[in-house]
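Chain by chain, the residues run as shown.
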Amino acid sequence: MKVFLDTNVLIDYLLKREPFYGEAKKVFELCLYTIDGFVTPHSLIDVFYMLSERTDATAEYCRGTLVKLRSVLNVVSEDDAKVLAAARNMDFPI
């Protein structure tokens, strides 16, 4: 199974934000062993920013966290053609 993780799921897990930390942790555990998790490059940039601004983490720690996330999650590419194709996908329910 493939799942796309929103930026907030990443941040809830890493910053242990309640009330969603428990659910975010379960998703990460599933990504480790059962499912394929995907994120965008922009989400990783946001994670770096949130870690550096909301904690006393060093830049080195933040970079290491991104490397660890990348070892668990797949990064999808973003380009104009893919965004346009997704917007035109009539099979995607609203």
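Cut-offs applied
- Residues numbered from 1 in each chain as written.
- Predicted model: local features only at pLDDT ≥ 70, side-chain atom pairs only at ≥ 80, totals over all residues.
- Heavy atoms only, no water.
- Helix = DSSP H or I, 4+ residues; strand = E, 2+ residues; numbered from the N terminus.
- Buried < 20%, exposed > 50% of the residue type's maximum accessible area, 1.4 Å probe, protein only.
- Core = buried A, V, L, I, M, F, W, Y, C linked by side-chain atoms within 4.5 Å.
- Contact = heavy atoms within 4.5 Å.
- Pairing = 2+ DSSP bridges.
- Salt bridge = Lys/Arg side-chain N within 4 Å of Asp/Glu carboxyl O.
- Polar contact = N/O pair within 3.5 Å; in protein donor to acceptor, adjacent residues only side chain to side chain.

Caption draft 1: Broad picture of unusual backbone geometry. In this model, Glu 18 is joined to Pro 19 through a cis peptide bond whose omega is 15°. Along the chain, Pro 19 turns up in the loop between helix 1 (7-14) and helix 2 (21-33). The backbone of Lys 16 shows a phi angle near 55°, a positive value even though the residue is not glycine. Along the polypeptide, Lys 16 turns up in the loop between helix 1 and helix 2. Accessibility expressed as a relative area gives 56% for Lys 16, which makes it exposed.

Caption draft 2: Representation of the nonpolar core in the model. Within the largest apolar cluster, 15 residues are counted, with the highest numbers of intra-cluster contacts made by Leu 5, Leu 10, Phe 28, Val 39, Val 47, Leu 69 and Leu 73. When contributions to this core are tallied by element, the ones reaching two or more residues are helix 1, helix 2, helix 3 (41-54) and helix 4 (59-72). Here this core takes four residues from helix 3, the largest share from any one element. Not counting chain neighbours up to four residues away, the residues in contact with Val 47 comprise Leu 10, Ile 11, Leu 14, Leu 66 and Leu 69.

Caption draft 3: How the structure looks around the sheet that holds strand 1 (residues 2-4). Spatial ordering of the open sheet is given by 1-2-3, a layout of three strands whose pairing is parallel. Every other strand in the sheet has two partners, leaving strand 1 and strand 3 (74-75) as the edge strands with one partner each.

Caption draft 4: Summary view of the pattern of salt bridges. Using the criterion set out here, one finds one salt bridge in the structure. Here Arg 17 and Asp 12 are joined by a salt bridge, their closest N and O atoms 2.7 Å apart. Residue classification places Arg 17 among the partly exposed residues on the basis of a relative accessible area of 27%.

Caption draft 5: Looking closely at the pairing of strand 2 (residues 36-39). Across three bridges, the pairing between strand 1 and strand 2 is parallel. Directly across from Lys 2, in strand 2, lies its bridge partner Asp 36. Pairing of strand 2 with strand 3, which is carried by two bridges, proceeds in the parallel orientation. The residue of strand 3 that forms the bridge with Val 39 is Val 75.

Caption draft 6: A look at helix 5 (residues 80-87). For helix 5, a buried count of zero out of eight residues is recorded, marking the element as mostly open to its surroundings. At the N-terminal end of helix 5, a side-chain oxygen is found 3.2 Å from the backbone nitrogen of Ala 81, two or three residues along, and the residue is Asp 79.

Taken by themselves, the reported measurements are silent on function.
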